[in-house]
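Architecture and fold: a report
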Amino acid sequence: MIILQILGGIVLFTAILALTVYFYFKYKFGKLLDLNPSHNYSPLRVHLNEDLCPEWLEDKKIKKRISEIENLGFRVGKSFNIPEMDGVQLLSLIKEPSVAVLYNHKIVGNWVDFFAIGEDGHEYTVTNAPLGDGLIKRPDASKIFLKNVSIAEMTRKFWEQTDGRILTAIKKDDFRSAFEIAYAKDIQWKNRKGGISFQEFLSIEKDTPGNYSDKKIKQAFIDSKLQEIEQWHEAVIEQYIEQNNLDYFEEGNPVIVPDRFDTESYLQYLREQELIGDHINLDKLTEYFSGNSDIKSIFTTLNEKLSPELRAKKLASFNHPLPIDLYLVPES
């Protein structure tokens, strides 16, 4: 089981990157780049494809970074790209029991994680990642952000962080499978807490260039949350179709009900799924449910206010991508 946890501290930032890239690109450079949002949000799973001809490693700055890490005794491993995360590339460098991962993105630039895992499963990471310091960390992981410092200073802090601890070795041949499995573990943890919170989103926004109004920032947050819940929605529908041997989903509008989610964003989602009519003022409804973070309670309240023939009917419950119920809203 330990191999399932090995790279959690590393891959969590990859999940964070997907979210920060979504905000950073769409709201700072989106008009210039014409980004496809489906390639810029946290996928539920990732796959590492080995890159046989990694041209990005020929860049002078990248070569210098690799040399700095090699001088610390790390051996260059394999280069990978992640098809679910457009533009993300990475290189593993191993010095058992620790690993360094050099990430690169064509616009964000490059950054490094130094990572180790204790015998008790606790994860230790030192990173110079440009974004993500304000996001909630998993309780079984310690992560130190050191921006604008040398590789030597990063490793000094890393050795200090892991000094005297019994560590589990990370081997070169385990890297790809461990990364993919650990990513799924980390993204599940993020989803089970309701996805990113508005406070976390603000911590990302403050580290990005430019000044935007509170209204635009709030709308950016809601847009990202809608994309997040649509991703869960699609995953649940796929499971339902597969489990019931269906060719397609039955008539009506499917609605998912997670335990936790941002209330305002969830109400917007329910409107899109036609459980909340266009005649209802969403601002007033959000105010009505202010302070109530129990999404199932909110859904039940709204559903029970409908005429019995118009109420959503529960179809199933799922545990992936998080504990979630599936309902069907009858066509009006």
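First, a word on what this report is: a plain description of the structure on this page. (Residues numbered from 1 in each chain as written. Predicted model: local features only at pLDDT ≥ 70, side-chain atom pairs only at ≥ 80, totals over all residues. Heavy atoms only, no water.)

The helix and strand tally for the protein stands at ten helices and eleven strands. Looking at the 332 residues of the protein, the share that counts as buried comes to 50%. In the protein, of all internal contacts separated by at least 6 residues, the share reaching a separation of at least 24 is 64%. Carbon and sulfur atoms make up 48% of the accessible area of the protein, which totals about 16300 Å². (Helix = DSSP H or I, 4+ residues; strand = E, 2+ residues; numbered from the N terminus. Buried < 20%, exposed > 50% of the residue type's maximum accessible area, 1.4 Å probe, protein only. Contact = heavy atoms within 4.5 Å. Areas by Shrake-Rupley, 256 points an atom, 1.4 Å probe, with all protein chains shown as cover.)

With that settled, the discussion passes to the pairing of strand β3 (residues 88-95). Buried residues dominate β3, accounting for six of its eight residues. Two strands pair when backbone bridges link them, and strand β2 (residues 75-81) and β3 are joined in this way by five bridges, in the antiparallel orientation. Bridge assignment links asparagine 81 to a residue of β3, and that residue is glutamine 89. Connecting β2 to the next strand, β3, in antiparallel fashion are six residues, including glycine 87 with a positive phi near 90°. Looking at chain direction, β3 and strand β4 (residues 98-105) are connected through eight bridges and run antiparallel. Among the inter-strand pairings, leucine 90 is bridged to a residue of β4, identified as tyrosine 103. Count of turn residues in the β3/β4 antiparallel hairpin: two residues. (Pairing = 2+ DSSP bridges.)

Here glutamine 161 shows up in helix α4 (residues 151-162). A relative accessible area of 11% places glutamine 161 in the buried class. Among all residues touching glutamine 161, those that are not within four sequence positions of it are Tyr124, Thr125, Val126, Ser142 and Ile144.

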